[in-house]
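The lines below spell out each chain.
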Amino acid sequence: MNMIKKLPLTMAVIAALCPISVLAQEFTQEQIDAIVAKAVDKALAERQAKMDAAVAKKADVVTEPQSAAQSPDMAIPFGIKFTGYARYGAHFQAADQKYVAVDGSYNGASAIGRLGNEGNGGEFQLSKAFKGENGAIWDVNVMIDHWGDEVNLKKAYAGVTNILASNPNAYIWAGRDFHQRPQQGINDYFWMNHDGQGAGVKNFDIGGVQFDVATVAAVESCSPEVMDDEANPSRITCTGGSGTGDKGNYAATSKIHGMKLGPLDLELYANYGFDSKAI
């Protein structure tokens, strides 16, 4: 029986289909069928294990585009990851108002409960991860949005993790990014929003909790206005897009997170805002 168990799968199948007299004398047909079935199951299990390992190696774990800090053992995905959303359609106006406003919204714009009577547009992001020979994991992220007459560059930043031997989970980033924007989701109200251009570190381990620190500059933007005193009375100053310079508002931000208190996840913020002589 030991000899039979060591036979390759092909030989075991041949032995089952064309039993010779020696096998017939030593084993019953039921025993031979059981040996063949066991060999087939083992071969299929080994094949499935190899397939699972190959899939896991190629798995794309960049699943949170707005928080690209990755673990040092992440599997680098192939190609470029696309994330985004959009809504485009026709605004049929059956009354004197195109949009329905609800009293009581904290920010005065979005209706409580997000009724869906909102403008057209969307946000679209492309992300790509790389792994260096030294084990450092880099990622590059670019996001554009379309909410007006022009397309705006909302994100353009790069980051790296597994670069500090003493703190491999620390994620160092620089560029333009959505940054520290806690939100009350029911009515789309950001009670803290420090988006802009800057640099910082996320997920720096300080004795079992994570520490984030950064400095960001608000991006200059404009409010569209019709210039009545110009030669062309219908001239619009801009379309409301963002520029590439600093607005003059800055923030030094920090956050301690990863503190578990039973079912609760505690986060502590400490931020400082300041401005330049530009404003």
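Here goes a summary of the coordinates provided. (Residues numbered from 1 in each chain as written. Predicted model: local features only at pLDDT ≥ 70, side-chain atom pairs only at ≥ 80, totals over all residues. Heavy atoms only, no water.)

**Observations regarding a nonpolar patch on the surface**
Then step 1. A cluster of nonpolar side chains, namely Phe 130, Trp 138, Val 140, Val 142, Ile 144, Val 151 and Leu 153, defines an oily patch on the protein surface of about 580 Å² accessible area.
Then step 2. Listing elements by their share of the nonpolar patch, those giving two or more residues are strand 3 (137–146) and strand 4 (151–161).
Then step 3. If you tally residues by element for the nonpolar patch, the top one is strand 3, at four residues.
Then step 4. In this fold, Leu 153 is placed in strand 4.
Then step 5. For Leu 153, a relative accessible area of 39% translates into the label partly exposed. (Patch = residues over 30% accessible without salt bridge, like charges linked within 9 Å, V, L, I, M, F, W, Y side chains within 5 Å. Areas by Shrake-Rupley, 256 points an atom, 1.4 Å probe, with all protein chains shown as cover. Salt bridge = Lys/Arg side-chain N within 4 Å of Asp/Glu carboxyl O. Helix = DSSP H or I, 4+ residues; strand = E, 2+ residues; numbered from the N terminus. Buried < 20%, exposed > 50% of the residue type's maximum accessible area, 1.4 Å probe, protein only.)

**A word on unusual backbone geometry**
Then step 1. Phi at Asn 162 is positive, roughly 60°, even though this residue is not glycine.
Then step 2. Its location among the elements puts Asn 162 in the loop between strand 4 and strand 5 (171–177).
Then step 3. Judged by relative accessible area, Asn 162 falls into the partly exposed class, the value being 23%.
Then step 4. Non-glycine residue Asn 203 carries a positive phi angle of around 60°.
Then step 5. Checked against the element boundaries, Asn 203 lands in strand 8 (residues 196–205).

**A few points about the packing of aromatic side chains**
Then step 1. This model, assessed by the stated rule, comprises five aromatic pairs.
Then step 2. When the centroid spacing of 6.4 Å and the interplanar angle of 80° are considered together, the rings of Trp 191 and Tyr 269 count as edge-to-face. With Trp 191 in the loop between strand 7 (189–190) and strand 8 and Tyr 269 in strand 11 (residues 264–269), this residue pair connects regions lying 78 residues apart in the sequence.
Then step 3. According to the relative accessible area criterion, Tyr 269 is partly exposed, its value standing at 30%.
Then step 4. Ring centres of Tyr 250 and Phe 274 lie 5.7 Å apart, and the angle between their planes is 15°; on these two criteria the pair is classed as stacked. Here Tyr 250, found in strand 10 (residues 242–261), pairs with Phe 274, found in strand 12 (residues 272–275); they are 24 residues apart in sequence, far enough to count as distant.
Then step 5. Taken together, Tyr 250, Tyr 272 and Phe 274 form an aromatic cluster joined through their ring pairs.
Then step 6. Lying across the ring of Phe 130, Lys 128 places its NZ or CZ 5.6 Å from the centre.
Then step 7. The lysine or arginine in question, Arg 181, covers the ring of Phe 178, its NZ or CZ lying 3.8 Å from the ring centre. (Phe/Tyr/Trp six-rings, centres within 6.5 Å; stacked < 30°, edge-to-face > 60°. Lys NZ or Arg CZ within 6 Å of the ring centre and 35° of its normal.)

**A short note on the side chain of Ser 254**
Then step 1. If you trace the backbone, Ser 254 turns up in strand 10.
Then step 2. Among the polar contacts listed, one links the side chain of Ser 254 to the backbone oxygen of Ala 270, at a separation of 2.6 Å.
Then step 3. Residues in contact with Ser 254, not counting those within four places in the same chain, are Gln 180, Phe 211, Asp 212, Val 213, Leu 268, Tyr 269, Ala 270 and Asn 271. (Polar contact = N/O pair within 3.5 Å; in protein donor to acceptor, adjacent residues only side chain to side chain. Contact = heavy atoms within 4.5 Å.)

**Quick word on the environment of His 194**
Then step 1. Its place among the elements puts His 194 in the loop between strand 7 and strand 8.
Then step 2. With residues near it in sequence (within four places) discarded, His 194 still touches His 179, Gln 180, Val 216, Ala 251, Thr 253 and Asn 271.
Then step 3. Looking at His 194, its side chain comes within polar contact range of the side chain of Asn 271, at 3.5 Å.

Scope: geometric values only; no functional claims are made or implied.
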